[in-house]
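Each chain, letter by letter, is given below.
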Amino acid sequence: MGEWSEYFEDFPEENPANWINGRFDPEGARRAHQRAEALAQSQAELNSTVRRMIEEGNRRAREKQAKA
């Protein structure tokens, strides 16, 4: 028997990733996966921005403390 991916190419209805809310919808599953990837990318960018803001605030706090 070949790889699972080969099996699911031949029998896409057997792939649990192609089912959305109990309904076989491979196109809907593809769109949902794309939305999830886009959301994850946006979240990573926001996390990076917040991390930079925190680091900048900590740096300013250290500088202010050093001046005092």
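Residues numbered from 1 in each chain as written. Predicted model: local features only at pLDDT ≥ 70, side-chain atom pairs only at ≥ 80, totals over all residues. Heavy atoms only, no water.

Caption draft 1: Highlighting the packing of aromatic side chains. Applying the stated rule across the entire model yields five aromatic pairs. Their ring planes at 90° and their centres at 5.8 Å tell us that tryptophan 4 and tyrosine 7 sit as a pair that is edge-to-face. Of this pair, tryptophan 4 and tyrosine 7 both sit in helix H1 (residues 4-10), three residues apart, roughly one helical turn. Look at tyrosine 7 and you get partly exposed, because its relative accessible area is 25%. On the numbers, 5.1 Å between centres and 40° between planes, the contact of tyrosine 7 with phenylalanine 11 is tilted. One aromatic cluster in this structure is built from Trp4, Tyr7, Phe8 and Phe11. (Phe/Tyr/Trp six-rings, centres within 6.5 Å; stacked < 30°, edge-to-face > 60°. Helix = DSSP H or I, 4+ residues; strand = E, 2+ residues; numbered from the N terminus. Buried < 20%, exposed > 50% of the residue type's maximum accessible area, 1.4 Å probe, protein only.)

Caption draft 2: Local environment of the side chain of asparagine 18. Mapped onto the secondary structure, asparagine 18 falls in the loop between H1 and strand E1 (19-20). You can call asparagine 18 buried: its relative accessible area is 13%. Ignoring anything within four residues of it in the chain, the contact list for asparagine 18 reads Pro12, Arg23, Phe24, Asp25, Pro26 and Ala29. (Contact = heavy atoms within 4.5 Å.)

Caption draft 3: Examining the pattern of salt bridges more closely. Enumeration according to the criterion identifies six salt bridges in this entry. Put simply, aspartate 25 and arginine 23 hold a salt bridge, and the shortest N to O gap is 2.9 Å. Classification of aspartate 25 by relative accessible area gives buried; the value is 16%. When the shortest N-O distance is used, the salt bridge between arginine 59 and glutamate 56 registers 2.3 Å. Placement of both arginine 59 and glutamate 56 in helix H2 (residues 26-67) is noted, with a separation of three residues, approximately one turn of the helix. Looking at glutamate 56, the relative accessible area reads 30%, which means it is partly exposed. (Salt bridge = Lys/Arg side-chain N within 4 Å of Asp/Glu carboxyl O.)

From the geometry alone we can't say anything about function, so treat these as descriptive.
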